[in-house]
Amino acid sequence: MSTQDQRGEQPESADGDTTDFGFRRVKRGDKEQLVRGVFDSVASRYDMMNDLMSAGIHRLWKRFTIELSAVRPGQTVLDIAGGTGDLAARFSRIVGADGKVILADINASMLAVGRDRLIDEGVVGNVHTVQCDAQALAFPDNSIDCITIAFGLRNVTDKEKALRSMERVLKPGGRLLVLEFSKPTNPVLEQVYDTYSFRVLPLMGKWVANDSESYRYLAESIRKHPDQETLLGMMEDAGFVNCQYHNMTGGIVAVHRGIKA
Amino acid sequence: MNHDPAIIAGALSALELAIARALTLAPVAAKELEDMAGTHIVIECTRPEIDVTISIDEAGQLQLKQYSEEAVSTRVRGSAEDFIALVTADDPAATLINSKLEIIGNTAPLLALQAILSKIDIDWEAPLVDALGDVAGHQLAKFLRAFFSWSQSAGKSLRRQLSEFILEEGRLSPPNAELEHFYQEVGRLGLRVDRLQSRIQRLAKRLREYDQ
Ligand SMILES: C[S@@+](CC[C@H](N)C(=O)[O-])C[C@H]1O[C@@H](n2cnc3c(N)ncnc32)[C@H](O)[C@@H]1O
């Protein structure tokens, strides 16, 4: 009866008219709306839940991602699916007054929380917020030094299209960093993690945010996301070169990096 | 890089914050550090095997990174003990000459940095809360306090604390037997969760029957 039993019954990626929404199959056109519902619902408590659910470790995953970006003062960084602006705030300090950070997300509620938070933290001036879809980035070709997408790609309906769109707007030599839940490298760890995400997370979601459904979706969407090697292949197919990944916390999370040729 | 980047990131951000805090209480040292802005020094630790880049940014803040592409002025290679000896030395220049540390590039920034760091009084605990958030940071701080028996260690030297930390750090990838044991424990926990779940279901069923 547990949700894990449904794993692998359905094809991993979108096919034909339907796509995955967690473990459910939904019409491709409906996924966006459903994902929006999830993030509308979690936006106001997102940061707190993030800390709670990952025991604060998401900050360390992000820290390493930023190191791998090797972003320098004066550069332009695009943080896609940037949500409440965690990465954007950090990049803002690195690129400085001469640089620019674009915080992009499809969801207005998440962006609104992000904007408030950036102001609260005194991050103003070089961060711009833009509501846009990762699959159709409205930026000129070859205009961005570095793109990050943290815990966002799994929510995107057509991941291949999104990766191609990222490749297009990056400058040659620019880099993409994808931080995303992945496949634990150890089967026992995988089981513990399953127990945690399918039983504990929705409960936490229910107690703290009174919203177990959204957190169930988050757990399910993690399982539906391509594993390390698959994502690496997808990045190569989208035209990125020198692609590599680093597992973190036993592969629960991986950060992939690719360069635009 | 065979350590988990998240664990290294945790240790480095805690250290970074501890140093930043200490610097706010030591304006002279902070000013001296500011004068070193733009310096990048790589510490190549061979045992345990970790590379750390120490960067001093424009604001004079010290940053510790496990990955960096900055052009470095100095690269120092050696074991953790060699580094600890240097950090805690009264006469760093002499220590440096006599130690097994291998230096590539300019030694001056290294000695200058050592001189600054030796002047400040670093509190290792509080920053964990900032690094990991209230809940996790507090838990970890509590654990570390117990671990280092921090309460009685006020007089303990930095050297001692550091070497204990490094010792533990060396254990970050636990030996197989220990892992096996951990996995067995986890497996047992899983079974208990399953039993608990079916018990809850039985209870819920009984409650429903009772209600009707
Ligand atoms: C789990 S949050 C991650 C937020 C932030 N990057 C972080 O790491 O904390 C996922 C975000 O992806 C956004 N998102 C979902 N589908 C998207 C799409 N097609 N294009 C852009 N953003 C999308 C959601 O609105 C949400 O803010």
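Residues numbered from 1 in each chain as written. Chains lettered and ligands numbered in written order. Predicted model: local features only at pLDDT ≥ 70, side-chain atom pairs only at ≥ 80, totals over all residues. Heavy atoms only, no water.

## Focus on the pattern of salt bridges
Residue and element names in this part refer to chain A. Quick reminder of the rule: By convention in these notes, a salt bridge is any Lys or Arg side-chain nitrogen within 4 Å of a carboxyl oxygen on Asp or Glu. Working definition: helices are DSSP H or I runs of at least four residues, strands are E runs of at least two. Numbering for both runs from the N terminus. Note on classification: 1.4 Å probe, protein chains only; a residue is buried when its accessible area is under 20% of the maximum for its type, exposed when over 50%, partly exposed between these limits.
By the definition in use, this model includes 21 salt bridges over all chains. Between R63 and E67 there is a salt bridge, and its shortest N-O distance comes to 3.7 Å. Residue R63 and its partner E67 are located together in helix α3 (residues 58-69), separated by 4 residues, close to a single helical turn. Exposure remark for R63: the relative accessible area of 13% places this residue in the buried category. Overall, E67 belongs to the buried group, its relative accessible area being 7%.

## Notes on a nonpolar patch on the surface
All names here are of chain A. Stated formally: Patches here: salt-bridge-free residues with over 30% relative accessible area, like charges joined within 9 Å, nonpolar side chains (Val, Leu, Ile, Met, Phe, Trp, Tyr) joined within 5 Å. Using a 1.4 Å probe, accessible areas were evaluated by the Shrake-Rupley method; residue-level cover was limited to the displayed protein chains.
A grouping of M48, L203, W207 and V208 is seen on the molecular surface, where their side chains present a nonpolar patch of about 410 Å² in accessible area. Here the element with the most residues in the nonpolar patch is helix α7 (residues 187-209); it accounts for 3 residues. Along the chain, M48 turns up in helix α2 (residues 46-54). By relative accessible area, which is 41% here, M48 ends up partly exposed.

## Let's talk about the pairing of strand β8 (residues 240-248) of chain A
Cut-off, in case you're wondering: DSSP calls a pair of strands paired once it identifies at least 2 bridges connecting them.
Relative to strand β9 (residues 253-260) of chain A, β8(A) is paired through 7 bridges, and the arrangement is antiparallel. Within β9(A), the residue paired with A:V241 across the bridge is A:I259.

## Quick look at the sheet that holds strand β4 (residues 100-105) of chain A
Strand pairing in a sheet relies on backbone hydrogen bonds, with the paired strands running either antiparallel or parallel. Residue and element names in this part refer to chain A. Rules: Throughout, an axis means a line fitted to C-alpha atoms (over the contacting stretch in the case of helices), and angles, computed between N-to-C directions, take values from 0 to 180 degrees. Note on contacts: a residue pair qualifies if any of its non-hydrogen atoms lie within 4.5 Å across the two residues.
Taken in spatial order, the 7 strands line up as β5-β4-β3-β6-β7-β9-β8 in an open sheet, and their pairing is mixed. Every other strand in the sheet has two partners, leaving β5 (127-131) and β8 as the edge strands with one partner each. With strand direction ignored, the average angle separating the axes of adjacent strands in the sheet is 15°. As paired strands, β4 and β5 are joined by 5 bridges and run parallel to one another. Residue I102 lies in a different strand from β5, and its bridge partner there is H128. Its contacts with the sheet put helix α9 (residues 228-237) on β7 (170-181), β8 and β9, and the angle it makes with β8 is roughly 160°.

## Observations regarding a negative patch on the surface
All names here are of chain A. Test applied: Neither His nor the chain termini are counted; the positive set is Lys and Arg, and the negative set is Asp and Glu. To locate a charge, take NZ of a lysine, CZ of an arginine, CG of an aspartate or CD of a glutamate.
On the surface, a cluster of negative charge is contributed by E160, E229, E236 and D237. No other element matches α9, which puts 3 residues into the negative patch. Note that E236 resides in helix α9.

## Looking at the nonpolar core
The condition is simple: As used here, the term nonpolar core means buried Ala, Val, Leu, Ile, Met, Phe, Trp, Tyr and Cys residues forming a set that is joined through side-chain atoms within 4.5 Å.
Judged by nonpolar contacts, the single largest core of 31 residues is most densely connected at A:W61, A:L179, A:F181, A:M248 and A:V253. Considering each element in turn, this core owes the most residues, 5 residues, to helix α4 (residues 86-95) of chain A. What A:F181 contacts, discounting residues up to four positions off in sequence, is A:W61, A:F151, A:R154, A:Y193, A:I222, A:H225, A:I252 and A:V253. Membership of the second largest hydrophobic core comes to 28 residues, among which are B:L23, B:V52, B:L110 and B:I120.

## Section: the packing of aromatic side chains
As a reminder, the rule being used: Geometry of aromatic contacts follows a simple scheme: Phe, Tyr and Trp rings, the Trp one being its six-membered ring, pair when their centres are within 6.5 Å, and the pair is stacked under 30 degrees between planes, edge-to-face over 60, tilted otherwise.
A full pass over the atoms with the stated rule returns 5 aromatic pairs over all chains. Ring pairs connect the aromatic residues A:W61, A:F151 and A:F181, which therefore count as one cluster.

## Examining helix α6 (residues 159-169) of chain A
Rules: Here a polar contact is recorded for every N or O atom pair within 3.5 Å, except that within protein the pair must consist of a potential hydrogen donor and a potential acceptor, and residues adjacent in sequence are included only if both atoms are side-chain atoms.
Among the residues making up α6(A), those that are buried are A:K159, A:A162, A:L163, A:S165, A:M166, A:E167 and A:V169. Two or three places before A:E160, at the opening of α6(A), A:D158 has a side-chain oxygen 3.4 Å from that residue's backbone nitrogen.

## Side note on the environment of A:H246
All names here are of chain A. Assignment of secondary structure puts H246 in strand β8. Judged by its relative accessible area of 18%, H246 falls in the buried class. The sequence separation of H246 and L179 amounts to 67 residues, and the corresponding C-alpha distance is 9.7 Å. In terms of polar contacts, H246 uses its side chain to reach the side chain of Q244, at 3.1 Å.

## Looking at the side chain of A:T65
All names here are of chain A. Summarising the element assignment, T65 is placed in helix α3. For T65, a relative accessible area of 1% gives the class buried. Once residues within four sequence positions are removed from consideration, T65 is found in contact with L177, L179, M248 and V255.

## Observations concerning the site of the ligand
All names here are of chain A. Test applied: Being near a molecule or strand, for a residue, means having at least one of its heavy atoms within 4 Å of it. Classification convention: Asp, Glu, Lys, Arg as charged; Ala, Val, Leu, Ile, Met, Phe, Trp, Tyr, Cys, Pro as nonpolar; all other residues, Gly among them, as polar.
Among the 19 residues in the neighbourhood of the ligand, the closest are listed as Y46, A81, D105, A134 and A150. At 2.9 Å, a side-chain N or O of Y46 approaches an oxygen atom of the ligand. The separation between a nitrogen atom of the ligand and a polar main-chain atom of I106 is 3.4 Å. Considered on its own, the ligand offers 600 Å² of accessible surface; in the complex 97% of this is hidden by protein. At the level of elements, α1 (28-42) and α2 are the ones that each hand at least two residues to the shell around the ligand. Its residues assigned to classes, the shell around the ligand comprises 11 nonpolar, 5 polar and 3 charged.

## Description of the side chain of B:K65
Structurally, the position occupied by B:K65 is in strand β3 (residues 62-65). Buried charge without a partner: B:K65 forms no salt bridge, and the closest opposite charge is B:E70, 4.5 Å away. Residues within four places of B:K65 in sequence aside, it is in contact with A:E67, B:L12, B:D51, B:V52, B:T53 and B:S55.

## Here's the deal with the confidence of the model for chain B
Residue and element names in this part refer to chain B. Quick note on the threshold: Note: pLDDT gives the predictor's confidence per residue, expressed from 0 to 100.
With 59% of its residues at a pLDDT of 70 or more, chain B shows a mean pLDDT of 72. Here helix α8 (residues 158-170) stands out as the element of chain B with the lowest mean pLDDT, 46, in contrast to β3, whose mean of 93 is the highest. The low-confidence segment residues 144-163 (pLDDT under 50) makes 26 contacts with residues lying over four places distant or belonging to another chain. Confidence over residues 165-176 falls short of pLDDT 50; this stretch has 13 contacts with residues more than four positions distant or in other chains.

## Re the state of the cysteines
A covalent bond bridging the sulfur atoms of two cysteines is what the word disulfide describes. Residue and element names in this part refer to chain A. For the record, the criterion: Any two cysteine sulfur atoms within 2.5 Å of one another count as a disulfide.
All told, the structure shown has 0 disulfides over all chains when counted by the stated rule. You can see C243 has no disulfide; the closest cysteine sulfur is in C146, sitting 14 Å from it. For C243, a relative accessible area of 15% puts it in the buried group.

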